Every structure is written in C-alpha cells, then in structure tokens.
Protein chains: 2
Amino acid sequence: MSQIKTIALIGSGRVAVHLGSVLQSKGFDIVGVYGRDENEAEQLAQKLKTKRIMRLSATLNADLIILAVSDDAVGEVVRQLSPQSKGLVVHTSGSVSMTIIPSYLRRGVLYPLQTFSRDKKIVWENVPFCLEAETDADVNALGAVAERISRKVYLLSSQQRKALHLAAVFANNFANLMFEFSEELLAKAEIDRTILHPLILETANKVLMQPAAESQTGPARRGDLETIRTQQQLLGERNALREVYDLLTREIYNRSNHEHQL
Amino acid sequence: MSQIKTIALIGSGRVAVHLGSVLQSKGFDIVGVYGRDENEAEQLAQKLKTKRIMRLSATLNADLIILAVSDDAVGEVVRQLSPQSKGLVVHTSGSVSMTIIPSYLRRGVLYPLQTFSRDKKIVWENVPFCLEAETDADVNALGAVAERISRKVYLLSSQQRKALHLAAVFANNFANLMFEFSEELLAKAEIDRTILHPLILETANKVLMQPAAESQTGPARRGDLETIRTQQQLLGERNALREVYDLLTREIYNRSNHEHQL
C-alpha cells in the first residue's frame, strides 16, 4: 500500500481523544469515529468535526483503522470488524499481540508509550511510538504516520513490546507507588510533601544520564545495617510498607557487593 | 549566640567537599578541615585554601562545627571533640538523632536532603535543608546559614527527620531500583534503555503536580487480571523481579477499589 491519508478511529476514551486530535492536527483525515459509549463517541466526533460510525461491522473506507480501546477489549472488537475493510488495522496496546487481529485483515500495532492524563497536554514529539506490521510496505506506511507525530519511532516485535510494557510498569506504576509510600510517611510525620520534590526530580534526571544501577545510594547500598534496623523499627511490623521495605532493601543490599548476603 | 561567621569542617568526603565549597562561596570563613583520610583532607584543605585540623580533640575556634561524616561515624567522632569548643556542633545526617552529640556541647543538625554525585553540579538553592537545635538562638543562627545557601529551609525534629529520611529511601533508592529493573527488562529484550526516559520524566513531573495516589495507572490499578497474568508469565517463577512484581501489583490492586482483594 502507499501513503496513509484517511483514518477511522475505533474507541472514544482517553487514547482515542488524544491520538485523534494530534493526527488531525498533522493533516490526516479522520473519516469516522466509533465508540461503545454513545455520548463519548458523539463528543469526540464533534470535536474532530467528523461523523460517527454507527456499527462496528460496517465496511470502513479508510487507509488506517486505529483501535484505541482498552487492552482487554481489543480481541472482542477486532472480531466484529468487517473482513471487507481494506485498510491497515492497528491496535494501540502495549501488552497485546499483533496476532489478536484476525489474519484476514491487514494488521499491525501503533503503541504510544505514555501515560495519558485527561487534562495534561502531551508533548507528542517526545512520545516513543512502537510499530509492528506484517509487510515492509505496511511498516513503512505506519512509520510515516508515526514520524509525522513523534521524533521517536521504534520497530518492535510483539514479544519486545510486551517486555517494554512490563518495563514501563516498573518504571511508571511501581516507581509512582514508591512516591506514594513516601508521601504517606511524610503525611504521618506532618511534613509537607513538596520537601521531596527536588530529590524525586534529581532521581529521574540521574537515570537519563547514566544506568540506574550506577546511581544507587542509600543505607542498603552502603551496607549500613544500623540505619536499616532503625528504619525497620520506624515502620513497625506486618504492614505493606514494611514488607516492601524489607524486600527492596534486601534486593539492593544483595546487588551491592557486600561481604555477606542479607 | 549571634551570627555564624567561622566554620570548622569535620570530614573530607563527598558531603564535606560540596558543603564546604558552597559555604565558602557564600562568604563563610572555613577555618579548618579535619579528615581521617589524610590525602582527602589535604586535598580539601587546599581546595578551600584553609589549614588542616590535625587532631580531632583539638579545641576548635569556630562559630559552627559541621560533622560531614557517614551516619555510622557520627557517634564516634563527636565523643572525641573537645568539650572546650564553644561553637555550635551539627551533624549532617538524616537518620541520626541530634542527641548523639553529647549535651556538654552546643548541638544541632544541618541535613541537606539530596544525593551527592561526585561530579554533578548541585543547584543548592533547590536543596531542602532540615534544621534542628536546642535553643531559639541556635535555630536562628543555623537558619541564617542555611538560608544563605538554599531557598528551602525546614525546621524538623529528630523524629520528623528520621521519617523524612525513610521517605527519601522510598522516593530515591527504591524508585531508582524500579528504574534499574526496567532497564534490565529492556536489555534482555534488546531494546534501547532510552525508550523509557520520556515516561520516567513524566512520572516524576506528575508527582510534582498532584499526589502520587492520584497519578496511578496500569494493569493493577485498572484491575486488568489478564495483563497481570501475562506479565507474571513473562517474568517467570521464583526470581527477584517476580517477587517484587507480585508484591507491588497486589499493593496497587488492593488500594484501587476493586470488588475483591488480590
């Protein structure tokens, strides 16, 4: 296939709203929007000044059909698409294989690696896009779309994308949980949570300069067992924070070339 | 006491080097440097164009005596200080009580909340300083020193400082471990680690905008058990990453108002 010009959007949630808007702003023609939630779909269609697609099974006349639906809905939605649709069908999920899309459709993946807040503006040129498709022609066509939006376009297999999605759970969800724990400790001690903001920014910025393993500091890294004991006492017994503290402290300690293992 | 003008520096490691330099640049008179490691001490004395203090037990003629030594050395070092020294004696540790300093000395704490890399320049005006002292006069004098360096000065009790230090272990050391895990997963899948940098920055920046609990996303937050199962399979059985994944996933899941607990 040649260049992608027209796009049908399946989904009306956060990803669909953000992605639809930026694609339109880059000159793509959004020919229609489908959403299970009729109000949301109508709102998005109006926002993009396009028409609503009323049935999922309609034959879609678009070069690219983007499924911006939740991970667990992809499988159900693709099975309803008309085999008559000639466009390239891509989903936007990190954790779902490309092959969930039936082979009678031209298939691929367009996965933007970002957390989408409802209100926060997205700096699209910095959002990594991960692509996958079955033919070189489709990879190229999809790549041309992604490169119109972002400076960071990666070609990844389904297996690689799953590893990336898992890595993102650690780097985003789990790191955020650590920030949540720290805010709880501060609240309990009646300390303003903003006191930790410079350290949190510094922690993130350091990872951009060098591998995280080289940035590690703190009592477990130093092998400072006295501070570790003091902090365990402060946390108390049998609670989630203590359990997390013990596990992660042991992990850092055991990676740090101390004489014995914890 | 009135204004602090002269400072003696005990310690010659990273914190001593950085703190000594900024204090001197702000007009304080560094009257001497002591270090157990003679080479390091000599280097720092030359850098600060001051003399070395040869014995810890010498009577120190300075308004402020800063103990910039490791957490587990503070106790041993302060006991060697001469009771004749009239200056305010402060340590710089997050996890050590003020009262580790004997009561025959005027005592306090000056704790800069930051990770000190050897080479990276520190933007001091953003580094939170946590103060403690026994009299209002000493608090004020110490506060005047800290405010010369930083825009962020906090008065915290020893108990609060310990809670803060523990919170910093979560926000810095443990968050960094999450970044380390994610880099390992990427390396194994042969994906460039820089792909996650925009997400890591976004994760940190979000915490500056709103409480971390409100930023949480991902499979555990959504209650997406299928993705969780897929990711557990990807990690395999009985390894550190899997153990961390299960514990943190359960924790996020159970905080997320799903119908059942994990």
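An account of the accompanying structure is given in this report. Here the structure is a predicted model, which is why all the values come from computation and not from measurement.

1. Here we look at the overall build of chain A
Alright, step 1. The secondary structure content of chain A amounts to 10 helices and 7 strands.
Alright, step 2. For chain A, the spread of C-alpha atoms along the three principal axes comes to 70 × 40 × 30 Å.
Alright, step 3. Taken across its 262 residues, chain A has 60% of its residues classed as buried.
Alright, step 4. Entry remark: accessible area of chain A is about 11700 Å², with carbon and sulfur atoms responsible for 45%.
Alright, step 5. Averaging the coordinates of the 31 positive side-chain charges in chain A and doing the same for the 30 negative ones gives two points 5 Å apart.

2. Here's the deal with helix 4 (residues 136–149) of chain B
The periodicity of an α-helix, 3.6 residues per turn, causes residues three or four positions apart to be oriented the same way.
Residue and element names in this part refer to chain B.
Alright, step 1. Over its 14 residues, helix 4 runs 20 Å from end to end, which matches the ideal 20 Å to within 8%, given 1.5 Å per residue.
Alright, step 2. For helix 4, the complete set of buried residues consists of Asp-138, Val-139, Ala-141, Leu-142, Gly-143, Val-145, Ala-146 and Ile-149.
Alright, step 3. Those residues of helix 4 hidden inside the fold are in contact with helix 1 (14–25), strand 3 (64–67), strand 4 (88–91), strand 5 (106–112), strand 6 (129–133) and strand 7 (153–155).

3. Here's the deal with the pattern of salt bridges
Proximity of charged atoms lets side chains of opposite charge pair with each other.
Alright, step 1. Evaluation of the coordinates by the stated rule reveals 28 salt bridges over all chains.
Alright, step 2. A salt bridge links Arg-107 of chain A to Glu-134 of chain A, with the shortest nitrogen-to-oxygen separation between them at 3.0 Å. Remark: Glu-134 of chain A occurs in the loop between strand 6 (129–133) and helix 4 (136–149) and Arg-107 of chain A occurs in strand 5 (residues 106–112); sequence separation between them is 27 residues.
Alright, step 3. The shortest N-O distance in the salt bridge between Arg-151 of chain B and Glu-125 of chain B comes to 4.0 Å.

4. Observations concerning the relation of the copies chain B and chain A
Alright, step 1. Superposing chain B onto chain A takes a rotation of 180 degrees combined with a translation of 0.0 Å along the rotation axis, leaving an RMSD of 0.0 Å. Those values place the two copies in the arrangement expected of a two-fold rotation axis. Proximity to the rotation axis, assessed at the C-alpha, singles out Ala-175 of chain B in chain B; its C-alpha lies 2.3 Å from the axis.
Alright, step 2. The residues that chain B uses at the interface reappear at the interface of chain A in 100% of cases, marking a shared surface.

5. Comments concerning the sheet that holds strand 5 of chain B
Residue and element names in this part refer to chain B.
Alright, step 1. Spatially, 2-1-3-4-5-6-7 is the arrangement adopted by the 7 strands of the open sheet, whose pairing is mixed. Each of the sheet's edge strands pairs with one partner strand only, and the pair in question is strand 2 (29–34) and strand 7. Between one strand axis and the next, the sheet turns by 25 degrees as a mean value, whatever way the strands run.
Alright, step 2. Pairing analysis gives 5 bridges linking strand 5 to strand 6, with the strands arranged antiparallel. Directly across from Pro-112, in strand 6, lies its bridge partner Phe-129.
Alright, step 3. Contacts from helix 4 reach strand 3, strand 4, strand 5, strand 6 and strand 7 within the one sheet, and its direction differs from that of strand 6 by about 165 degrees.

6. Focus: the pairing of strand 2 of chain B
All names here are of chain B.
Alright, step 1. Where strand 1 (residues 6–10) and strand 2 come together, 5 bridges link them in parallel fashion. Its bridge partner being in strand 2, Thr-6 is matched across the sheet by Asp-29.
Alright, step 2. Following the chain from strand 1 across helix 1 to the adjacent parallel strand 2, one finds a crossover that is right-handed.

7. Details of the packing of aromatic side chains
Alright, step 1. According to the stated counting rule, one finds 10 aromatic pairs over all chains in the structure shown.
Alright, step 2. With centroids separated by 5.6 Å and ring planes inclined at 70 degrees, the aromatic side chains of Phe-170 of chain A and Phe-181 of chain B adopt a geometry described as edge-to-face. With Phe-170 of chain A in helix 5 (residues 158–188) and Phe-181 of chain B in helix 5 (residues 158–188), the pair connects residues from two separate chains.
Alright, step 3. Feature note: the residues Phe-170 and Phe-174 of chain A together with Phe-181 and Tyr-245 of chain B constitute an aromatic cluster, connected by ring pairs.

8. Some thoughts on the environment of Tyr-245 of chain A
Alright, step 1. Residue position: Tyr-245 of chain A is located in helix 10 (residues 240–254).
Alright, step 2. Sequence-wise, Tyr-245 of chain A and Ile-228 of chain A are 17 residues apart; in three dimensions their C-alpha atoms are separated by 9.3 Å.

9. Remarks on the sheet that holds strand 1 (residues 6–10) of chain A
Across a sheet, paired strands are connected by hydrogen bonds in the backbone, their directions being either parallel or antiparallel.
Residue and element names in this part refer to chain A.
Alright, step 1. Taken together, the 7 strands give an open sheet; going across it, the order is 2-1-3-4-5-6-7, and neighbouring strands pair in mixed fashion. What marks the edges here is a single partner per strand, and that holds for strand 2 (29–34) and strand 7 (153–155). Ignoring strand direction, the axes of neighbouring strands in this sheet form an average angle of 25 degrees.
Alright, step 2. As judged from the 4 bridges shared by strand 1 and strand 3 (residues 64–67), these two strands associate in the parallel manner. Paired with Ile-10 across the two strands is Leu-67, which belongs to strand 3.

10. Topic: the packing of helix 9 (residues 225–235) of chain B against helix 10 (residues 240–254) of chain B
All names here are of chain B.
Alright, step 1. Their axes nearest at 9 Å, the elements helix 9 and helix 10 cross at an angle of 165 degrees. On the basis of their axis angle, the class for helix 9 and helix 10 is roughly antiparallel. Between helix 9 and helix 10 lies a crossing whose hand is right-handed. Side by side, helix 9 and helix 10 meet where Leu-225, Thr-227, Ile-228, Gln-231, Gln-232 and Leu-235 of the first sit next to Leu-241, Arg-242, Tyr-245, Asp-246, Thr-249 and Tyr-253 of the second.
Alright, step 2. Here the contact of helix 9 with helix 10 is built from residues that sort into 6 nonpolar, 4 polar and 2 charged.

Reading the values: the criteria
- Residues numbered from 1 in each chain as written.
- Chains lettered and ligands numbered in written order.
- Predicted model: local features only at pLDDT ≥ 70, side-chain atom pairs only at ≥ 80, totals over all residues.
- Heavy atoms only, no water.
- Helix = DSSP H or I, 4+ residues; strand = E, 2+ residues; numbered from the N terminus.
- Buried < 20%, exposed > 50% of the residue type's maximum accessible area, 1.4 Å probe, protein only.
- Areas by Shrake-Rupley, 256 points an atom, 1.4 Å probe, with all protein chains shown as cover.
- Lys, Arg positive; Asp, Glu negative; His and termini not counted.
- Charge placed at Lys NZ, Arg CZ, Asp CG, Glu CD.
- Expected span 1.5 Å × (residues − 1).
- Contact = heavy atoms within 4.5 Å.
- Salt bridge = Lys/Arg side-chain N within 4 Å of Asp/Glu carboxyl O.
- Least-squares fit on C-alpha atoms with pLDDT ≥ 70 in both.
- Pairing = 2+ DSSP bridges.
- Axes fitted to C-alpha atoms, helices over the stretch in contact; angles between N-to-C directions.
- Right-handed = clockwise from strand over helix to strand, strands pointing away.
- Phe/Tyr/Trp six-rings, centres within 6.5 Å; stacked < 30°, edge-to-face > 60°.
- Parallel < 35°, antiparallel > 145°, perpendicular 65-115°, else oblique.
- Left-handed = near helix turned anticlockwise from the far one by under 90°.
- Nonpolar A, V, L, I, M, F, W, Y, C, P; charged D, E, K, R; others polar.

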